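Observations on the three-dimensional arrangement
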Amino acid sequence: MSGRGKASGETETGIPLSEWIPHSLFVQQTCGGNKPKNNPSSKHYLIPALRVAFSLADQICKAEEVDRFPTPSSEWIDSIVIQLQSSNPKEVAIENVFDTNFTDNGDIRVEILPSLFDNDKTDNEAGQMDGVLYSLGIVFYQIVSGGELPAELELKQIEERPDAVENGTEEGDLFEVFNPFLQSGTVDLVGELSMHEHLLSDYKLSDDDSTSYEHDIGIGLQGDGPRKKRSQNESCNMCAVSVEPLKEKGLPGSLCDLIANMLDCANGTLRKDETYHDISEVRDDLQLMLDKPSIYLHDQDMGRLSMTGLQFGDTVFGRNAELSTIKDAYRRTVSGDSELVTIYGQSGTGKSLLAHEFGKHVLSHGGVLLSGKFDQLEQGKPFSALASAFNQYCGTLLQNCELKQSKQKLTHQINHALGREAYHLAKLIPNLATILGLQLHSIIHDEGCINAQKRLQYLLCRFVEVISNLFAAPVTLFLDDLQWADSASIEAVNQLLLTGGLAAQNTSFFFLGCYREGETDNFNPLWRSLCNNNLVNARSTQVKLDCMDEHTLNTMMSETLCLSPRLTRTLSNVIYHKTKGNPLFVSRLLRSLNKEGLLRPSLSRRRWEWNMKKIQSRRLPDDVAIFLTDSLRELPDKVQSALFVLSCFGASSESAFVESQGLDRNILENLEIAVAEGLVDKIDDQYRFAHDRIQEAAYNTKPAHKRSVIHFKYGLELSSLLLGDEDTSASASVLFTAVNQLNLGGPPAVQDKSHYITAAQLNLRAGKKAMEMSDYETAYSYFDSGISFLRKKHWQQHYALSLELYSLAAKCAFTNSDHTSLKLLIAEVVMKAHFFEDKLDVLYFETCALAISSRLPESIERGVEILSKLGIELRWGGSSMEACVQVTKDLLSGYTDDEILNTRRMTDPTMIMAMKFLGKMETGMSQIMPKSAPHVMQRIIQLSLSHGMSPVSPIGFVHLGSYIAKLGDISEGYHYVKLAHTLLDRVGSRESAGEVICFGTPVRAYVEPLQAALKYHDEGYAASMASGVNLQTTREKCAKVINFTYERKMFIFMTQHQCLQKSVLKLIGTDEMPKYTSAEEENILATNYSVRTSYYFWRAFTSFMFRSYDDSKHYAEKYLDCVGNTWANLFLQHALHAFYIGLVSFWVARKSKDGQQWHERGKRSKLALKKWAESSQWTFENKWYLLEAEESYCNNDFDAAKTYYEKAIAAAKSHKFVHEEALACELAGYFHLELGDNEKATKHFLLAHEKYHEWGAFEKCNSLFKFVEGIRTLYLPMTRARAELEENILLSLSLSKRILMANSTTPITDLYEYNTTS
C-alpha cells in the first residue's frame, strides 16, 4: 500500500525493510567513528528508524480510515518496503541509497504490500486491534534493535521446528505451525518477568501505591487503579515479549516503553492509561519523539532530578494567537509607525513569560530590546523601571566587546544630537555616563529649568532616535507590572510614542507593557493617557490572557514531565480542577507535590510517577495567594524571615546590598534555601522573587503595624551607609532605598523624636536628587513626605529646612500642573516666611501658573507688584516702541559682541529672581500688551549689562532682534537673534532656550530658507502650512500639539492652534470636529488680541481658498481691525498674513466699490513681501511675484500680469512650495479665463489641481473639479485638443474625489502609489 503520490521531479527507489535495517546500521558505523558496531541507539540510525516507524503507523491509520485492517503476524517485516525519495536522481542510485545525509534528510516513505490486507474488519474489534498493535510492536522491535527478532519468538520457533519437520510439514507451511497467533490457550508471564523482580525495589511504594507489577515492568506506575481485563475469547493469542534487551542496547526508555505497551496486549490485563487503544495513538507519540526528541525521546537525568526536584522551563504554552498578535503589531512598527501593546490578565497567567518570549523574537530579528519592571515597594525611585531598562541596555553595550565599534558610533551620535544636554540623561542612566566618559560630579547641575521633566522626555526621545538609526532597527521598550508605574514614567512613554517615527525617517518605537487586571486605577491620568491612543496618536492593541484550558494544561504537564500527553491526561485533569488552569498555581502546586513525594522521579523506570489517590484527596484553597502564603508558613522560621527582609526592598536585590545591611548575618544562607525551593531566582549576584505574588505573600507574613516599624528601622540603618554628599550612582541608589524605607514606615513608626528631623532631611536630599534626574513627580512625593515628618513649631525651630521643603515642593507642584497643592504651599510660605526675599521662589511659580492658566493680565500685574517691592519700577506710558528700541540700541553700541558674551555672570540671588520675573513678563506682555513689551526687554538688557548676565539675559536680546526685524531692519534683527543663541550657551543654562528658539526662529525664516529654519522650531505648526508640508502631516502634528496643550490646560495655545486645525480639516475635506473645547475660549477671544487676530486670519484664509468672496472680505476686515494691537515681535505668521490678506485685498479691489482702499492694502502687503524677499529670496520671492501679478491684473496691465504669474509659478516650484505653486496656477487660471484664453486657463486649473492633490487638499481639489466641470463645456470649442484635455481633466480631477470618498485620512504615500497606478 502506498502513502502519498510521488512529487513531480522526484526519483524514488524501494528496498525491503529487512534489508534497509542492516545497511542503515552499516552507514551509521561509517559516520560514527569509534562507536561500537551495530549500535541502533546512535542518532544517525535512530532518527531514520523512527521516521520509518512513524510512516508505517501512518499508513496503517490511513488504511483503517477505509476499514482495511492488516492481518496480525509476527513476520510483517517481510511485507514492508522502504521507498526513498529525492529530487536528485544520483542520490537514489543503489550505491547512494544508504548515504548518511540522504538517510537523515531524504523523504522516507513506507509501502506495505497488499498481501497484509486480506482480511476486513471483524466483529471483535478489540481483539483485532490488539493483534495489529502486537504485530506492529514486533516490527518496531526489529527496527530499533537493528533487525533482531525478540528472543521469545526465536525460542518458540526453535522448540517447535523439529516436530514440524517430523510431521512432514513443508517449509512454506512453517509459519502456520509456529505462528503464535494461531495457538490456543493463554500465556503465563510470571516466569518471563521473574528476572526483573529486583527492579521493583527501586520504587519504594507504600501500600496505597501497590499494584500488580509482576506481569510487565513496562507498565505505568501512576497508581490509578487496576488494569482493564480484556476478553480471552479471541481468534489468536500472543506471545509475551520483554523489552529489556532493547534497554541493554542503550535505547531511550520512552521508546522501550512505547514498544512494551504495544506488546502488552499479550497479557490480557491492560492498564487503562498506558495501553494503546489504536494505532493513531502510537503515531502521535512517534511524531512527538521526532518533533521534540529532547523532551519525548531522550532519557532524562532522573538522578539529577531526584536532587534538584521538578524543573520548569520558559516555554509558553497555549499563547500562539496572542504571540502572533504582538508580532503583527511589531511588524507594523518596522514600517515606521509607533505601536502600543498591553498584556493584561489575572495574576499568574503568564503575562511576563509571554512578553519574554516576544523579546526573543525581537532580538532574533535584529531589533533593540529594553526591559524594566515596576515594583510596588520601589515607587519612590525616580523612573525606576524606565531608568533600569535604559541603564541595563547601556550596560550591555559596555560589556559586549563585539559592540565596541557600535559604542563609539553611539558616543559620537549622542554628543552630536544632545550636546551637553546629555549630562541630564546620564544622571538618570549611569552606564550612559560611562559610555560618554562624563564625570557627573564635576558638572554643575542647572536646577533652574522649570520644564526639566519635559526636557528629559525630549532627551529620551532623541536617545531612542539615535539607537534606532544606529542599529537600523525598531526600539522595543518592555515595562512589566504597569499597575505600579509612576506617572512620570508613563508620560515619558507617551512622549516616546508621540514622537516615534516622526523624529527621523528610520526611527520606529514599539512599547509593550504588562499589568495585572483589576489592580489599576482607572481614574489615574497616566492610565487615561497611556491607554488612549487618540492622545498619543499611536495604534493601541490590548491582549488579554486567561487561565489555561485543560488541553493546554495537559500539554504543559506532558512537556514538563517528558511524558506523552496520553500518559499525563488523567493527572492534568485533576490539577486543572484544583487550580482552574492558573499557570502560577499549577507550577507551585507541582513543586509542592514533588516536595511531598506525591510526584517523584523513578530511577528504575527513568521517568516520573505519581500517587493519584493522594493527589486527588489533597485539599487546596481557591486563591493562589492563599496557597502561596500557606506554603511559605511551612518553611523554617529563618527562611521566612529572610524572604520577608528581601520582600521589603522590592522584587529583587543585589546580594552585596543585602549582605551590607547587617540586618541578618545569615540572610544569604537562608535565601539560598529559598532558591532551592524555587521561590527565589538567583541571577548573577541578584536575588529575585520568582513571581511578584510570592513577594507579596512573603511581605504579608507580618502584620501591617509591624511592617511599618521594620521599614523605618531598615531606612535608618541604610542611611548610616551614606557618606556625606558623595554624588555617585551607588550612593543615589542607597539614598532612594533608605528614604523609601523611612516613608513606608511613616511618622507613626518613629520612636525617637530626633528621627523626625533626620527623616525630613533625608527626604529633602532625595527630592533634590530626583529633581536632578528630572523626575518631578517623585521629587514632590519626597518633599511632601519630608513635610509630613515635621512637627509643630517647625517654622520656628527648623526654619531653613521648612522653607526649602515647601519652596521645592511648590516648584514640583507647578511643574506637575498640580495647582491645588501649589496654592496651599504658596499660602503657607507667604504666611510663615520671615523675609520677602524668601517668598520670591513661590511667588514666581504663582505668576507662572497664572500665565499658563490663561490669566495673563493677573500674572503681569502680580509681576509688576513684586518687582516694585524689589526696587525695579516699570513705566511704559510715554515712549513708543521705536524709541524704546533705539535707546536700547544706543546702549549696546558701546559694546562689542565679544564684550557682551564675556560679561560677568550675575551672582546676586535677589537680582537673579528679579530677572526671572522680567523674562516671564516679557513673554506674556508680547501677547496682550505688545506696545509695552519693549520696555521690559530694555530693562532686561540694562540689568544684564550692569549686574551681569543671567539665564534670562538671552530673552532680552532675542526680543530686541525680533523687534528690530519687525520695524524693518531684518539684517540687524537677525544679528541680535544669533547673538542671543550664542549667549544662551555662554550663560551655561538652558532655562530660557524655549523662548529664544520660539522668538528667534521666525526671524531666521526671513533670512534663511524656510525649510532650513524649521529645524530649529515648528512654530505652532503654522510653519508647516507656510512651508507646504503635506496637509496630512500638518493635521497629525496639529492634533498632537492640541492634545498636549489640553492635557496641561494651556488653553490660549490650544485655542490658537484650533484655528489652524479647522482650516487644515476643511482643506482635506473631513467632517472631523475639534476634539476639545474650552469654557474659556470665548473669554480668550475677547481679551487676547493675538488669538483673535489668528482666528480672523484663518477664517479669511479658508474663505479665500474656497473662493467665498463675501466671507473673505468680512473676515479680512475683522482681521485688519485688530491686527494693530498684536505682537510687536516679528513672526513667520506676519509674512503669511501679509501674503494672503494682500491676495484678498487685490481680489476685493477688482470687485468692490471701495476698491482704492483695498488696493492700497494689497500694495502695502506687496511691498512688505518685496522687502522680505531681499532678505530671503528662497522663502518670499514667489509670494512677492504673485502679489505683483495680482496688482498688475487690477491695473489692467495684462502683459506684466502674465509675466509675474509665470514667475510666481516657477519660483514656487523651484523653492518647493507645492501649495503656493498650486495657488499661483489657480489664480493664473482665473486671469486667463477672464481674458478669454479658455484653453490656457483650463491647463492652469489642471496643474493647480495636481499640486493641490499633492499637498493633500482633497476638498479643495473637489471644489476646483466642480468649477472646471462647469466651465469646460461653455468655453472650450469641441476639438481634438479639447477632447484630450477633457480626458486628462476627468482622470486627474476625479481621482481625488474617489480618494476623498474612500478615506479622507489615507496616508499620502498610499495616495502617491494610487496616483501612479491610475
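Residues numbered from 1 in each chain as written. Predicted model: local features only at pLDDT ≥ 70, side-chain atom pairs only at ≥ 80, totals over all residues. Heavy atoms only, no water.

So, about the overall build of the chain. Broken down by element type, the chain carries 63 helices and 15 strands. Looking at the 1318 residues of the chain, the share that counts as buried comes to 57%. Restricting the contact set of the chain to residue pairs at least 6 apart, pairs at least 24 apart contribute 74%. Carbon and sulfur atoms form 49% of the exposed surface of the chain, whose accessible area is close to 56,000 Å². (Helix = DSSP H or I, 4+ residues; strand = E, 2+ residues; numbered from the N terminus. Buried < 20%, exposed > 50% of the residue type's maximum accessible area, 1.4 Å probe, protein only. Contact = heavy atoms within 4.5 Å. Areas by Shrake-Rupley, 256 points an atom, 1.4 Å probe, with all protein chains shown as cover.)

A few words now on the pattern of salt bridges. In a structure, side chains of opposite charge can pair up when their charged atoms sit close to one another. According to the stated counting rule, one finds 39 salt bridges in the structure shown. Note that Glu357 and Lys360 form a salt bridge whose closest N and O atoms lie 3.4 Å from each other. With Glu357 and Lys360 both in helix α14 (residues 351–364) and three residues apart, the pair spans about one turn of that helix. Here Glu357 falls in the partly exposed class, since its relative accessible area comes to 25%. (Salt bridge = Lys/Arg side-chain N within 4 Å of Asp/Glu carboxyl O.)

Moving on: the pairing of strand β7 (residues 368–373). Here β7 shows a buried face lined by Val368, Leu370 and Gly372 and an unburied face lined by Leu369, Ser371 and Lys373. Where β7 meets strand β8 (residues 475–480), six bridges bridge the pair, whose relative direction is parallel. Within β8, the residue paired with Leu370 across the bridge is Leu477. (Pairing = 2+ DSSP bridges.)

In globular proteins that are soluble, nonpolar side chains generally tend to be buried together. If you look at the biggest cluster of nonpolar residues, it comprises 233 residues, and the most contacted ones within it are Phe463, Leu477, Phe957, Met1105, Tyr1140 and Leu1223. The greatest single-element share of this core, amounting to 12 residues, is contributed by helix α55 (residues 1132–1151). In contact with Met1105, not counting residues within four places along its chain, are Leu1067, Tyr1140, Leu1223, Tyr1252, Trp1255 and Lys1260. Core analysis: the second largest hydrophobic core is formed by 63 residues, Ala49, Val132, Tyr141 and Leu149 among them. (Core = buried A, V, L, I, M, F, W, Y, C linked by side-chain atoms within 4.5 Å.)

Counted under the stated rule, the structure contains 38 aromatic pairs. Centre to centre, the rings of Phe358 and Phe510 are 5.5 Å apart; their planes meet at 45 degrees, and the pair counts as tilted. Remark: Phe510 occurs in strand β9 (residues 509–516) and Phe358 occurs in helix α14; sequence separation between them is 152 residues. Ring centres of Phe585 and Phe627 lie 5.1 Å apart, and the angle between their planes is 40 degrees; on these two criteria the pair is classed as tilted. Taken together, the positions of Phe585 in helix α25 (residues 583–596) and Phe627 in helix α27 (residues 624–633) put the pair 42 residues apart, joining distant regions of the chain. As far as the burial class goes, Phe585 and Phe627 line up, both buried. Taken together, the aromatic side chains of Phe1097, Trp1098, Phe1101, Tyr1119, Phe1139 and Tyr1140 make up a single cluster linked through ring pairs. Over the face of the ring belonging to Tyr276 we find Arg566, whose NZ or CZ atom lies 3.7 Å from the ring centre. Positioned over the ring face of Trp1147 is Arg1107, at 4.1 Å from the centre of the ring. (Phe/Tyr/Trp six-rings, centres within 6.5 Å; stacked < 30°, edge-to-face > 60°. Lys NZ or Arg CZ within 6 Å of the ring centre and 35° of its normal.)

Next up on the list: helix α38 (residues 819–832). Helix length check: α38 (14 residues) gives 20 Å between terminal C-alpha atoms against 20 Å at 1.5 Å per residue, within 8%. Taken together, the buried positions of α38 are Ser821, Leu822, Leu825, Ile826, Glu828 and Val829. Looking straight down α38, one finds its buried side chains confined to an arc of 165 degrees; they lie on one side. Looking at α38, the residues exposed on the side facing more than 90 degrees away from the buried face are Thr820, Lys823, Leu824 and Met831. Packing partners of the buried residues in α38 comprise α35 (776–789), α36 (794–797), α37 (799–815) and α39 (840–852). (Expected span 1.5 Å × (residues − 1). Arc of directions from axis to C-beta.)

Okay, the packing of helix α43 (residues 909–928) against helix α45 (residues 953–966) next. One can describe the packing of α43 onto α45 by two numbers: an axis separation of 9 Å at closest approach and a directional angle of 30 degrees. Relative to α45, α43 is oriented roughly parallel. The crossing of α43 and α45 is left-handed. Of the residues in α45, those touching α43 at Met915, Gly919, Glu922 and Ser926 are Ser953, Ile955, His959 and Tyr963. Across the contact of α43 with α45, the residue classes break down as three nonpolar, four polar and one charged. (Axes fitted to C-alpha atoms, helices over the stretch in contact; angles between N-to-C directions. Parallel < 35°, antiparallel > 145°, perpendicular 65-115°, else oblique. Left-handed = near helix turned anticlockwise from the far one by under 90°. Nonpolar A, V, L, I, M, F, W, Y, C, P; charged D, E, K, R; others polar.)

Bringing the sheet that holds β7 into the picture now. If you trace the five strands from one edge of the open sheet to the other, you get β7-β8-β9-β6-β10, paired in parallel fashion. Unpaired on one side and paired on the other, β7 and β10 (539–545) mark the two borders of the sheet. Adjacent strand axes in the sheet meet at a mean angle of 15 degrees, parallel and antiparallel pairs treated alike. Together, β6 (339–345), β7, β8, β9 and β10 form the strand contacts of α14, whose direction differs from that of β9 by roughly 165 degrees.

Bringing the environment of Thr579 into the picture now. Inspection of the secondary structure assignment puts Thr579 in helix α24 (residues 565–579). Its relative accessible area of 3% is what places Thr579 among the buried residues. On a C-alpha basis, the gap between Thr579 and Leu589 in space is 8.3 Å, while along the polypeptide they are 10 residues apart. Those residues in contact with Thr579 that lie beyond four places of it in its chain are Phe585, Val586 and Leu589.

On to the environment of Val996. Here Val996 shows up in helix α47 (residues 993–1005). Residue classification places Val996 among the buried positions, given a relative accessible area of 0%. Sequence separation between Val996 and Leu984 is 12 residues, and the spatial gap between their C-alpha atoms is 8.1 Å.

Further remarks concern unusual backbone geometry. In the Ramachandran plot, Lys793 falls in the positive-phi region, its phi being about 60 degrees despite a non-glycine side chain. Among the secondary structure elements, Lys793 is positioned in the loop between α35 and α36.

For the rest of this paragraph, the subject is helix α30 (residues 667–676). Owing to its 3.6 residues per turn, the α-helix aligns residues three or four sequence positions apart on the same side. Buried residues of α30: Ile667, Leu668, Asn670, Leu671 and Ala674, and no others. Seen end-on, α30 carries its buried residues on one side only, within an arc spanning 160 degrees. Counted as exposed and oriented over 90 degrees from the buried face of α30: Glu669 and Ala676. Looking at the residues trailing α30, positive phi occurs at Gly678, about 80 degrees.

The next point concerns the packing of α45 against helix α46 (residues 970–986). Remark: α45 packs on α46, axes separated minimally by 7 Å, with the N-to-C direction vectors making an angle of 165 degrees. Relative to α46, α45 is oriented roughly antiparallel. Relative to α46, α45 is oriented so that their crossing is left-handed. Packed against α45, whose contacting residues are Ser953, Pro954, Phe957, Val958, Leu960, Gly961, Ile964 and Ala965, the element α46 presents Ile970, Glu972, Gly973, Tyr976, Val977, Leu979, Ala980, Leu983 and Leu984 at the interface. Across the contact of α45 with α46, the residue classes break down as 13 nonpolar, three polar and one charged.

Regions with low pLDDT carry predicted coordinates that are not meant to be interpreted in detail. This prediction gives the chain a mean pLDDT of 79; 77% of its residues lie at or above 70. Predicted confidence for residues 1292–1318 stays below pLDDT 50, and this span has 46 contacts to residues more than four positions away or in other chains. (pLDDT = per-residue confidence, 0-100.)

Time to look at the side chain of Thr411. Positionally, Thr411 belongs in helix α16 (residues 404–418). Those residues within four positions of Thr411 in sequence are excluded, and the remaining contacts are Ile435 and Leu436.

In this sheet, strand β12 (residues 607–610) lies alongside strand β11 (residues 599–602) in antiparallel orientation, the contact comprising four bridges. Along β12, the bridge assignment pairs Leu599 with Trp610. Linkage of β11 to β12, two consecutive antiparallel strands, is achieved through a turn of four residues, within which Arg606 is found at a positive phi near 60 degrees.

On to the environment of His1057. Here His1057 lies in helix α51 (residues 1051–1068). When its relative accessible area of 11% is taken as the criterion, His1057 is described as buried. In the structure, His1057 is positioned 16 residues away from Val1041 in sequence and 7.9 Å away in space, judged by C-alpha atoms.

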